[in-house]
Amino acid sequence: MVKQAESLLYIAILGVIGLFGIYLQTAMMEDEPELNNFKDRHDPDYYIENFIATGLDKNGQRRFELKADRMAHFPDDDTALLDNPHVIEYEVGFAPRHTFADSGWMNSSGDEILMTGNVRVVVEADSRGPGGTMKAKRMRIILDKATKDNLF
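As the structure is a computational prediction, the values presented were derived from the model and not from experiment. (Residues numbered from 1 in each chain as written. Predicted model: local features only at pLDDT ≥ 70, side-chain atom pairs only at ≥ 80, totals over all residues. Heavy atoms only, no water.)

### A few points about the overall build of the chain
From N to C terminus, the chain includes 1 helix and 8 strands. For the chain, the sequential pattern of α-helices and β-strands runs α-β-β-β-β-β-β-β-β. Counting over 152 residues, the chain shows a buried share of 28%. Taking as baseline every contact in the chain between residues at least 6 positions apart, the subset at least 24 positions apart corresponds to 45%. Summed over all atoms, the accessible surface of the chain reaches about 10,700 Å², with 56% contributed by carbon and sulfur. (Helix = DSSP H or I, 4+ residues; strand = E, 2+ residues; numbered from the N terminus. Buried < 20%, exposed > 50% of the residue type's maximum accessible area, 1.4 Å probe, protein only. Contact = heavy atoms within 4.5 Å. Areas by Shrake-Rupley, 256 points an atom, 1.4 Å probe, with all protein chains shown as cover.)

Here it is as structure tokens:
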């Protein structure tokens, strides 16, 4: 009877040790690492320093340039934020129009730019008039839709 009790005690101890080992193994296992799915979050997937993009017309003539100190692209909605954007719009026979701002936002198709903060538009004198400067807090620029496919 003592031998049976002793055997049962050893079996119980081994069972407890086995269960404790299984517990430790599952407790130490790490969850699968979360995959970076940028499409589900509004985080930039890349930055471009000293960004310059040129839009061309169907004849290969320059229609506009978009420059920025930095562009951050967001893949979830395919938009971009611009630091210190500078848009230069060209029209044959006329002086270029320069638009500056502290920051900007570009839509997913690249044909609309919202300029914000200390917006300044500068046009030199040409055949249309003496030129001048305009200032605003916000300004929306709609770029020529015929050139948007050639932006990048």
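### Things to note about the packing of aromatic side chains
All chains considered together, the criterion is met by 1 aromatic pair. For Arg62, the ring lying beneath its charged end belongs to Tyr90, and the centroid distance is 4.1 Å. Between the NZ or CZ atom of Arg120 and the centre of the ring of Phe100, over which it lies, the distance is 4.6 Å. (Phe/Tyr/Trp six-rings, centres within 6.5 Å; stacked < 30°, edge-to-face > 60°. Lys NZ or Arg CZ within 6 Å of the ring centre and 35° of its normal.)

### Looking at the nonpolar core
Core analysis: the biggest nonpolar cluster contains 18 residues, and Phe51, Leu66, Leu82, Val87, Ile113 and Met115 have the highest contact counts within it. Only strand E1 (46–56), strand E2 (62–74), strand E3 (79–83), strand E7 (112–123) and strand E8 (132–142) provide two or more residues apiece to this core. Excluding its chain neighbours within four sequence positions, the residues that come into contact with Leu66 are Phe51, Ile52, Ala53, Leu82, His86, Val87, Met106 and Ile113. (Core = buried A, V, L, I, M, F, W, Y, C linked by side-chain atoms within 4.5 Å.)

### Description of the pairing of strand E5 (residues 97–100)
Inspection of the sheet shows strand E4 (residues 86–89) paired to E5 by 4 bridges, in the antiparallel sense. When the bridges of E5 are listed, His86 appears paired with Phe100. Relative to E7, E5 runs antiparallel, the two being bridged by 4 bridges. Bridging across to E7, Arg97 finds its partner in Val123. (Pairing = 2+ DSSP bridges.)

### Considerations on the environment of His86
Take His86: it is sitting in strand E4. When neighbours within four sequence positions are excluded, His86 is seen to be in contact with Glu65, Leu66, Lys67, His98, Thr99 and Phe100. For His86, the side chain forms a polar contact with the side chain of His98, separated by 2.9 Å. (Polar contact = N/O pair within 3.5 Å; in protein donor to acceptor, adjacent residues only side chain to side chain.)

### Some remarks on the environment of Tyr47
On the secondary structure map, Tyr47 appears in strand E1. Judged by relative accessible area, Tyr47 falls into the partly exposed class, the value being 45%. As a C-alpha pair, Tyr47 and Met71 span 24 residues in sequence and 5.5 Å in three-dimensional space. Excluding its chain neighbours within four sequence positions, the residues that come into contact with Tyr47 are Arg70, Met71 and Ala72.

### Examining the environment of Asp45
Relative to the elements of secondary structure, Asp45 occurs in the loop between helix H1 (2–28) and E1. A C-alpha to C-alpha distance of 6.1 Å links Asp45 and His73, two positions 28 residues apart in sequence. Sequence-distant contacts of Asp45, that is, excluding residues within four places in its chain, are made with His73, Phe74 and Pro75. There is a polar contact of 2.8 Å between the side chain of Asp45 and the side chain of His73.

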